[in-house]
Amino acid sequence: MSKITDRVTELARPVVEEEGCTLWDVEYVREAGSWYLRLMIDKEGGVGIDDCERISRRMDPILDEADPIPDSYVFEVGSAGADRELKRPSDFQQFMGHEVELRCYQPVSGHKSFTGTLTGYEDGAVTIQSGKDSHSFDKSQIAQVRLRVTF
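Residues numbered from 1 in each chain as written. Predicted model: local features only at pLDDT ≥ 70, side-chain atom pairs only at ≥ 80, totals over all residues. Heavy atoms only, no water.

Undergrad: Before we go on, may I ask you to explain the nonpolar core in this structure?
TA: The nonpolar side chains of a soluble globular protein tend to be buried, and buried together. Core analysis: the largest hydrophobic core is formed by 20 residues, its most contacted members being Leu 37, Leu 39, Ile 41, Ile 55 and Met 59. Contributions of two or more residues to this core are made by helix H1 (2-18), strand S1 (22-31), strand S2 (34-42), helix H2 (49-66) and strand S3 (74-79). The element best represented in this core is H1, accounting for 6 residues. One finds Cys 104, Phe 114, Leu 118 and Phe 137 within the second-largest nonpolar core, a separate group that totals 18 residues. (Core = buried A, V, L, I, M, F, W, Y, C linked by side-chain atoms within 4.5 Å. Buried < 20%, exposed > 50% of the residue type's maximum accessible area, 1.4 Å probe, protein only. Helix = DSSP H or I, 4+ residues; strand = E, 2+ residues; numbered from the N terminus.)

Written out as C-alpha coordinates, the structure reads:
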(Lines give C-alpha, C1' and ligand atoms only; values in the text may rest on other atoms or scores of the structure.)
Protein backbone atom coordinates (compact mmCIF):
# COMPACT_ATOMS: atom_id res chain seq x y z
CA MET A 1 0.00 0.00 0.00
CA SER A 2 2.79 2.44 0.78
CA LYS A 3 3.90 2.39 -2.85
CA ILE A 4 0.45 3.66 -3.84
CA THR A 5 0.44 6.44 -1.26
CA ASP A 6 4.03 7.37 -2.13
CA ARG A 7 3.18 7.62 -5.83
CA VAL A 8 0.00 9.63 -5.18
CA THR A 9 1.98 11.94 -2.88
CA GLU A 10 4.43 12.62 -5.73
CA LEU A 11 1.56 13.39 -8.09
CA ALA A 12 -0.48 15.47 -5.65
CA ARG A 13 2.10 17.60 -3.85
CA PRO A 14 2.76 20.03 -6.76
CA VAL A 15 -0.95 20.49 -7.45
CA VAL A 16 -1.81 21.03 -3.79
CA GLU A 17 1.02 23.55 -3.39
CA GLU A 18 0.03 25.43 -6.57
CA GLU A 19 -3.41 25.85 -4.99
CA GLY A 20 -1.84 27.49 -1.91
CA CYS A 21 -2.22 24.51 0.38
CA THR A 22 0.06 21.88 1.90
CA LEU A 23 -0.37 18.14 1.57
CA TRP A 24 -0.78 16.80 5.10
CA ASP A 25 -1.35 13.11 4.33
CA VAL A 26 -2.40 10.57 1.72
CA GLU A 27 -4.46 7.55 2.79
CA TYR A 28 -5.46 4.49 0.81
CA VAL A 29 -7.78 2.47 3.03
CA ARG A 30 -10.56 -0.09 2.80
CA GLU A 31 -13.76 0.87 4.61
CA ALA A 32 -17.15 -0.80 4.45
CA GLY A 33 -16.12 -2.94 1.49
CA SER A 34 -14.81 -0.05 -0.65
CA TRP A 35 -11.35 1.41 -1.20
CA TYR A 36 -10.82 5.10 -0.48
CA LEU A 37 -7.99 7.34 -1.66
CA ARG A 38 -7.90 10.46 0.51
CA LEU A 39 -5.80 13.57 0.23
CA MET A 40 -5.68 15.50 3.50
CA ILE A 41 -4.73 19.13 2.95
CA ASP A 42 -3.96 22.10 5.16
CA LYS A 43 -3.77 25.86 4.65
CA GLU A 44 -2.99 28.90 6.74
CA GLY A 45 -6.36 30.22 7.89
CA GLY A 46 -8.10 26.90 7.23
CA VAL A 47 -9.20 24.79 4.29
CA GLY A 48 -12.51 25.53 2.59
CA ILE A 49 -14.74 23.45 0.36
CA ASP A 50 -13.54 25.47 -2.65
CA ASP A 51 -9.94 24.40 -1.95
CA CYS A 52 -10.99 20.75 -1.82
CA GLU A 53 -13.05 21.04 -5.00
CA ARG A 54 -10.27 22.76 -7.00
CA ILE A 55 -7.68 20.19 -5.98
CA SER A 56 -10.06 17.31 -6.64
CA ARG A 57 -10.90 18.58 -10.14
CA ARG A 58 -7.21 19.07 -10.96
CA MET A 59 -6.20 15.66 -9.57
CA ASP A 60 -8.87 13.60 -11.37
CA PRO A 61 -7.21 13.65 -14.82
CA ILE A 62 -3.74 13.25 -13.30
CA LEU A 63 -4.82 10.13 -11.42
CA ASP A 64 -6.61 8.80 -14.51
CA GLU A 65 -3.47 9.19 -16.62
CA ALA A 66 -0.96 7.91 -14.05
CA ASP A 67 -3.30 5.08 -12.99
CA PRO A 68 -1.50 4.35 -9.68
CA ILE A 69 -4.38 2.17 -8.45
CA PRO A 70 -5.54 -0.68 -10.70
CA ASP A 71 -8.84 -1.28 -8.88
CA SER A 72 -11.82 1.02 -8.41
CA TYR A 73 -11.78 3.43 -5.49
CA VAL A 74 -13.50 6.51 -4.10
CA PHE A 75 -11.38 9.67 -4.31
CA GLU A 76 -11.77 12.33 -1.60
CA VAL A 77 -9.99 15.58 -0.80
CA GLY A 78 -10.52 17.01 2.66
CA SER A 79 -9.07 19.09 5.45
CA ALA A 80 -6.55 17.50 7.78
CA GLY A 81 -8.87 18.73 10.54
CA ALA A 82 -8.27 20.42 13.85
CA ASP A 83 -7.83 17.02 15.53
CA ARG A 84 -5.37 15.75 12.92
CA GLU A 85 -3.18 12.76 13.60
CA LEU A 86 0.51 13.42 14.07
CA LYS A 87 2.59 10.87 12.16
CA ARG A 88 5.88 12.29 10.88
CA PRO A 89 8.70 13.82 12.94
CA SER A 90 7.94 17.17 11.27
CA ASP A 91 4.33 16.95 12.53
CA PHE A 92 5.54 16.55 16.10
CA GLN A 93 8.03 19.40 15.76
CA GLN A 94 5.37 21.69 14.28
CA PHE A 95 2.96 21.08 17.15
CA MET A 96 5.42 20.96 20.06
CA GLY A 97 3.75 22.70 23.02
CA HIS A 98 0.21 21.92 21.81
CA GLU A 99 -2.36 19.76 23.57
CA VAL A 100 -2.51 16.17 22.30
CA GLU A 101 -4.34 12.95 23.00
CA LEU A 102 -2.15 9.86 22.94
CA ARG A 103 -3.62 6.38 22.67
CA CYS A 104 -1.67 3.24 23.54
CA TYR A 105 -2.02 -0.27 22.17
CA GLN A 106 -2.00 -1.73 25.70
CA PRO A 107 -2.79 -0.09 29.05
CA VAL A 108 0.06 1.84 30.67
CA SER A 109 -0.43 2.38 34.40
CA GLY A 110 -4.03 1.22 33.89
CA HIS A 111 -4.86 3.65 31.06
CA LYS A 112 -4.84 3.46 27.28
CA SER A 113 -5.50 7.17 26.66
CA PHE A 114 -3.49 10.15 27.89
CA THR A 115 -3.90 13.88 27.29
CA GLY A 116 -1.39 16.63 27.85
CA THR A 117 1.02 19.07 26.28
CA LEU A 118 3.44 17.65 23.73
CA THR A 119 6.86 18.35 25.23
CA GLY A 120 9.16 15.88 23.51
CA TYR A 121 9.69 13.72 20.46
CA GLU A 122 12.75 11.66 19.61
CA ASP A 123 13.00 8.61 17.33
CA GLY A 124 9.28 7.91 17.67
CA ALA A 125 9.20 8.26 21.46
CA VAL A 126 6.74 10.89 22.70
CA THR A 127 6.68 12.84 25.97
CA ILE A 128 3.62 14.72 27.20
CA GLN A 129 3.15 16.92 30.26
CA SER A 130 -0.12 16.57 32.14
CA GLY A 131 -0.27 18.96 35.06
CA LYS A 132 2.89 18.34 37.07
CA ASP A 133 3.29 14.82 35.67
CA SER A 134 5.44 13.99 32.67
CA HIS A 135 4.74 10.78 30.73
CA SER A 136 7.08 9.25 28.15
CA PHE A 137 5.98 6.60 25.70
CA ASP A 138 8.09 4.39 23.49
CA LYS A 139 7.17 4.20 19.81
CA SER A 140 6.08 0.55 20.24
CA GLN A 141 3.47 1.60 22.85
CA ILE A 142 1.83 4.33 20.75
CA ALA A 143 -1.20 3.53 18.63
CA GLN A 144 -2.03 7.14 17.73
CA VAL A 145 -1.31 10.75 18.63
CA ARG A 146 -3.82 13.45 17.68
CA LEU A 147 -4.10 17.14 18.35
CA ARG A 148 -6.63 17.72 21.12
CA VAL A 149 -9.44 20.11 20.35
CA THR A 150 -11.17 21.86 23.21
CA PHE A 151 -14.11 24.22 22.91
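Undergrad: Please explain the environment of Ala 66 as it appears in this structure.
TA: Counting through the fold element by element, Ala 66 comes out in helix H2. Of the residues examined, Ala 66 reaches a relative accessible area of 31% and is grouped as partly exposed. Between the C-alpha atoms of Ala 66 and Leu 39, which are 27 residues apart in sequence, the distance is 16 Å. Aside from chain neighbours lying at most four places away, what touches Ala 66 is Arg 7 and Leu 11. (Contact = heavy atoms within 4.5 Å.)

Undergrad: Teacher, can you tell me more about the pattern of salt bridges here?
TA: It is possible for side chains of opposite charge to pair when their charged atoms get near one another. The full count for this structure, using the stated rule, is 14 salt bridges. Among the ionic pairs, Glu 10 bridges to Arg 7, the shortest N-O distance being 3.3 Å. In this pair, Glu 10 and Arg 7 are both assigned in helix H1, 3 residues apart and thus about one turn of the helix distant. For Glu 10, a relative accessible area of 54% puts it in the exposed group. Residue Arg 54 pairs with Asp 51 through a salt bridge whose shortest N-O separation is 2.7 Å. (Salt bridge = Lys/Arg side-chain N within 4 Å of Asp/Glu carboxyl O.)

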